Amino acid sequence: MTDLAAPLTRASGAGLSPDAARARIRRRYRAEARFRLYGMLAVGFAALMLVVLIADVVNKAWPAFFETRVRLGVTPTLEQVSTDGKLERTSLMGGDYDAVLRTSLQELFPGVKDRASRRKLFNDLLSTGASAAVRERVLADPSLVGKTFTVPALLDDAADLYFKGLMTGRSERGGRGTLIPSATTGEITLTSTADDFSADLADTKRALAATARSLRREAERLLRSAAALPAGDERARLEQQAAEIVAQAADKEQRLAATGGAEPLDASEPSKLVVLDGGIIKLTSLGTNEATGIVLAPLASTQPAAAGSWKVVTLDQPEANRKLGDQQIAWLEQLRDKGLVERAFATRFFTSGDSREPEQAGILGGLVGSALTMLVTLVLCLPVGVGAAIYLEEFAPKNRLTDLVEVNINNLAAVPSIVFGLLGLAVFLNFFGLPRSAPLVGGLVLALLVLPTIIIASRAALKAVPPSIREGALGIGASHQQAVFHHVLPLAMPGIMTGTIIGMAHALGETAPLLLIGMVAFIVDVPAAVTDAATVLPVQIFLWSDLPEAAFQAKTAGAIIVLLVFLFIMNGVAILLRRRFERRW
Amino acid sequence: MVAVFFLALVAIAVAAYLAGRLKGQRLVAAGARLHSLPTYHGLFLAVACVIPMLAVVVAWTPLAPRVVESRAIAALPADLQPKSELEHDARLREARLVAVGQYAGAPSPGLAAAGEAYRSARAAAEVLLLALGIAAAAGGFVWGSRQLAPDFRARNRFERVTKVALIACSAVAVLTTVGIVFSVLFETLRFFGRYPWHDFLFGLQWSPQIAIRADQVGQSGAFGAVPLFVGTTLVMLIAILVAGPVGLFAAIYMSEYATPKFRAVAKPVLEVLAGIPTVVFGFFAALTVAPFIKSTGEALGLSVASESALAAGLVMGVMIIPFVSSLSDDVINAVPQSLRDGSYGMGATRSETIKKVVLPAALPGIVSALMLAVSRAVGETMIVVMAAGLAGNLTFNPLEAVTTVTVQIKTLLVGDQEFDSAKTLSAFALGFVLFFFTLLLNVVALRIVRKYREQYD
């Protein structure tokens, strides 16, 4: 304490004028307030990060819990759904249910004639799993063959994203003048009595200007990084790339500068669709009151459309950057206008295993895998952990050996989890030859991982039981083991359970060691036994987060929400247990 | 089969317990005064049955596959008899596939015979195991029941077994450490047999992919781990720069300023943050923070890699905040109130007391908390796997992509690997470095905490 004494004597206020003293006190109080503020900011920062994290995940997860379907009226014929013309279950199993849906879609869009477009209509709009709904209905009731009924057909992930508004921003504007189309199909000219397209023209110009600006910036950045490089191939390549971008920008700027006349629209600019008279036209060039375009869905007639009966739909994301072209979007718009599109809670997300198709992927495989793994972990680590704690706390002699065991356990609790993965790989897989990817091995590794946690928590719980209980039991003639197992252990049980649940929650969220023992394989089937190949929920999250499809991002976040819900429930139970059974002696 | 065996085990144990207890009760009814309660007679008898049965399994497990395999090989016709170790293994693998019916295509007659021999030998082995187990249990039962008598010390016998079981439980924790040390040590030594250790520890170039072809000329110099150490250090430093001040200030505020009401809200917040799985933080880092940093950086005219060390480090820092704050909270609370009271008595403000009395007194504890946080940051895997890169850039620029030790371990060991290549073994060498570095930090930190606690207790 001698080092503290010196500054304090120097700081004593003797010899200061009252003003100076007051000023110094003010300064000290300001420092006090500042220090306090830092503390609050630190707690606030942690809370803010938690809120941002959870809000971000929930926001991203929301779309995963809903799926978009289109209600199609289907009439399965015997030739389509039966392999041998009989209504037996075995012959119905192998039927071509895709053909049923294909026919139904073609009836909805009679204008789609050529094979390529028909294939697109089916493949780009509907999920590959859509026909499962028809199959189920027919298998459940074979008398439906030849009859017409409606089924909800699952949309493909891209179409689903479009309806969820995640593919492109979409805005609508009603027409103000009367619009006169020149024809019903092919390339047509639209003439309005008002300057309806001037706003679109301005839009397009603005988009052009923005693109040109960002292209210029990109080129500058490239040139800067090129300048940092030594002269050579790499530098020349970057410079060439920059030059190309500058040329593109110049082209855009030139178009921007040109006034009057029609402005062409291409796939690198936001799409403009005109919806009129049951048809949809994609605009290819814009004037102020006149536009030309290609008909994507045929118009009913060439009748002039009155103001308000037609509209211009803008899709912000240029066609070139989208997975769905304007044609497909036009079909989707038509389906929606017919009132066939519905959005429903995605039970599929909870009842199916993994899939390469985002709209069909679910977390059931991960959930069951996690449950099996946790079962193995619990069965192994609870008895061993409690046994070790009882021995160390109640029976172990205090000597260097038990001291070493104690230090060892404390250190084991801080060993990086991936090292346990190395242990599992080297010992369980390579030495004992246990199966890869199996919940059995995962459970073993996680049991070793949470063992120190459970031992430490159990020891604390045993230590909290007052010695009087033990002495009382011993006093009336119980043996040491009887005193421990009959009296101390039951009283320590709530504490042990709390520690175990927290340890299990930790194990449930653990990913890294499981990657090393091969639980990263793509597994569609839901595991049925602890030796089946399986994946667990956190690993499923990791696998999905790596996939390029935008729809999987939502699935990832959705799986995270499910995982967090389980963790919160487990932690909640632990807190409840602690509150309910916590005893003060 | 395993299930049948263990069901039999449980059934025999229950039956033996009941029989033993019944015998004890009969002795009591006959007017004898027992040394141990009838329950202990039952427990003793159950243990007497279970132990021999388990011993049979332990002895049988390594032995049985050998017998089965030799039978299968013997069943092969002369022209298919293996001539080398490698061929031996290949034949066995094929026979096993035939036995379980997963052999692709039609097996040759010789192979089919081997498969059949394998299958029947295995079935026989399983039946034999069950029979031997039951026989052993029966032997134990007979021996055990002979022991039961009024003055038999059944409780002491049973308690001795329990104690051994408890000691075995404690040994598991030690064995885990031993297992870790040996599994990484052996592979590491094998790796250093192929690749000089000094080149590994001090080499500046990391590109393990080169070594796939052993005949390749540029193989040497590919396993220089310095870029990984630098990358790990960079990410860890960023994380500690976030978690250190925030965690420490949060702990100070919570223990010195916060009202009980505030603490009741803030503590769960930190606990929830601590309970979030690292894969979730990784998702947040890769899909939210990294794009945000990239776009912000580019708006400022900086070139930012899409997998920057900064994003991974920041999110890792957030992850460690609760860790630092709860450890610091403990050490700050351990500072005796008398030191604070003395300082207040001298007219110091709260912040002056904290800065000049509490923190210096708690300093060793805080340092050890930070050391544990460093060890946590170095060993963290998922955040860096998802948000940091794979290329071993030797750089200290936080806006560039770096790779870390844990990322490389994961990358080298996930997926199909031949277990004998230098590439795979190098992952164990990295694991070895990681394990001993964190172990060192932990041992030192825990020792400081321990020593320091005793000072005030």
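Taking an unreviewed UniProt entry as the reference, chain B is identified by name as Phosphate transport system permease protein belonging to Chelatococcus albus. Its UniProt record gives chain B the following Sequence similarities (unreviewed entry) comment, quoted word for word: "Belongs to the binding-protein-dependent transport system permease family. CysTW subfamily."

Per an unreviewed UniProt entry, chain A is named Phosphate transport system permease protein PstA, and its organism is Chelatococcus albus. Regarding chain A, the relevant UniProt record gives this comment under Sequence similarities (unreviewed entry): "Belongs to the binding-protein-dependent transport system permease family. CysTW subfamily."

Participant: Got a minute to help me understand the UniProt feature "transmembrane region" (unreviewed entry) in chain B in this structure?
Facilitator: Residues and elements named next belong to chain B. Under the present numbering, the feature "transmembrane region" (unreviewed entry) in UniProt falls on residues 39-61, 127-144, 164-186, 228-252, 272-293, 300-324, 357-375 and 427-449. Counted over residues 357-375, helix gives 100% and strand 0%. Its end C-alpha atoms are 28 Å apart. Note that residues 427-449 is 100% helix and 0% strand, and that its end C-alpha atoms are spaced 32 Å apart.

Participant: Just checking my understanding: could you explain unusual backbone geometry for this structure?
Facilitator: Excluding glycine, residues mostly have negative phi values, and the peptide bonds linking residues are mostly trans. Residues and elements named next belong to chain A. A positive phi is found at S437, a non-glycine position, where the angle reads about 60 degrees. The residue S437 is located in the loop between α15 (417-431) and α16 (439-464) in this model. The class for S437 is buried, based on a relative accessible area of 8%.

Participant: Hey, could you run me through the UniProt feature "coiled-coil region" (unreviewed entry) in chain A in this one?
Facilitator: UniProt tags residues 205-255 of chain A as "coiled-coil region" (unreviewed entry). When the span residues 205-255 of chain A is considered, its composition is 92% helix and 0% strand, and the gap between its end C-alpha atoms is 8 Å.

Participant: Whenever I open this one, helix α10 (residues 233-257) of chain A confuses me. Can you help?
Facilitator: Helical geometry note: an α-helix holds 3.6 residues per turn, so side chains three or four residues apart project in the same direction. Residue and element names in this part refer to chain A. Over its 25 residues, α10 extends 36 Å from the first C-alpha to the last, a length consistent with the 36 Å expected when each residue adds 1.5 Å. Listed in full, the buried residues belonging to α10 are L238, A242, I245, A249, K252 and R255. Where the residues of α10 are buried, they touch α9 (198-228) and β6 (263-264).

Participant: Explanation requested: the interface of chain B and chain A in the structure shown.
Facilitator: Size of an interface, as often reported, equals the accessible area lost when the parts are brought together. Of the residues lining the interface, 83 residues belong to chain B; the matching set on chain A comes to 82 residues. Scanning the region where chain B abuts chain A turns up one salt bridge. The residue E352 of chain B makes a salt bridge to R28 of chain A at a minimum N-O spacing of 2.7 Å. At 17 residues, the largest contribution of residues to the side of chain B that touches chain A is made by helix α5 (residues 154-194) of chain B. Partitioning the side of chain B that touches chain A into residue classes produces 51 nonpolar, 22 polar and 10 charged.

Participant: Sorry if this is basic, but what is going on with the packing of helix α2 (residues 18-61) of chain A against helix α21 (residues 550-581) of chain A here?
Facilitator: Helices that pack against each other are described as a pair by the angle of their axes relative to one another and the distance between those axes. Residues and elements named next belong to chain A. With their axes 7 Å apart at the nearest point, α2 and α21 run at an angle of 125 degrees to one another. Judged by the inter-axis angle, α2 sits oblique to α21. The handedness of the crossing between α2 and α21 comes out as left-handed. Contacts from I54, V57, V58, K60 and A61 of α2 reach α21 at Q553, A554, A557, G558, I560, I561 and F568.

Participant: What's the story with the packing of α2 of chain A against helix α9 (residues 278-299) of chain B in this structure? I'm lost.
Facilitator: Direction vectors running N to C along α2 of chain A and α9 of chain B enclose 75 degrees, while the axes themselves pass 11 Å from each other. Taken together, the axis directions place α2 of chain A and α9 of chain B in an arrangement best described as roughly perpendicular. Between α2 of chain A, through M49, V52, L53, D56, V57 and K60 of chain A, and α9 of chain B, the contact on the second element is made entirely by V280, F281, F283, F284, L287 and T288 of chain B. Considering only residue class, the contact of α2 of chain A with α9 of chain B consists of nine nonpolar, one polar and two charged.

Participant: What is the right way to read the environment of E253 of chain A from this model?
Facilitator: All names here are of chain A. Position of E253 among the secondary structure elements: in helix α10. The spacing of E253 and R213 is 40 residues in sequence and 9.0 Å in space, taken between C-alpha atoms. Setting aside its immediate chain neighbours within four residues, E253 contacts A212 and R216.

Participant: Please clarify how the side chain of N411 of chain A should be interpreted in this entry.
Facilitator: Checked against the element boundaries, N411 of chain A lands in helix α14 (residues 400-412). Owing to a relative accessible area of 6%, N411 of chain A belongs among the buried residues under this scheme. Leave out the neighbours within four places in its chain, and N411 of chain A touches L439, N442, V443 and L446 of chain B.

Conventions adopted
Residues numbered from 1 in each chain as written. Chains lettered and ligands numbered in written order. Predicted model: local features only at pLDDT ≥ 70, side-chain atom pairs only at ≥ 80, totals over all residues. Heavy atoms only, no water. UniProt positions renumbered as here; feature names shortened; annotations may be inferred. Helix = DSSP H or I, 4+ residues; strand = E, 2+ residues; numbered from the N terminus. Buried < 20%, exposed > 50% of the residue type's maximum accessible area, 1.4 Å probe, protein only. Expected span 1.5 Å × (residues − 1). Contact = heavy atoms within 4.5 Å. Salt bridge = Lys/Arg side-chain N within 4 Å of Asp/Glu carboxyl O. Nonpolar A, V, L, I, M, F, W, Y, C, P; charged D, E, K, R; others polar. Axes fitted to C-alpha atoms, helices over the stretch in contact; angles between N-to-C directions. Parallel < 35°, antiparallel > 145°, perpendicular 65-115°, else oblique. Left-handed = near helix turned anticlockwise from the far one by under 90°.

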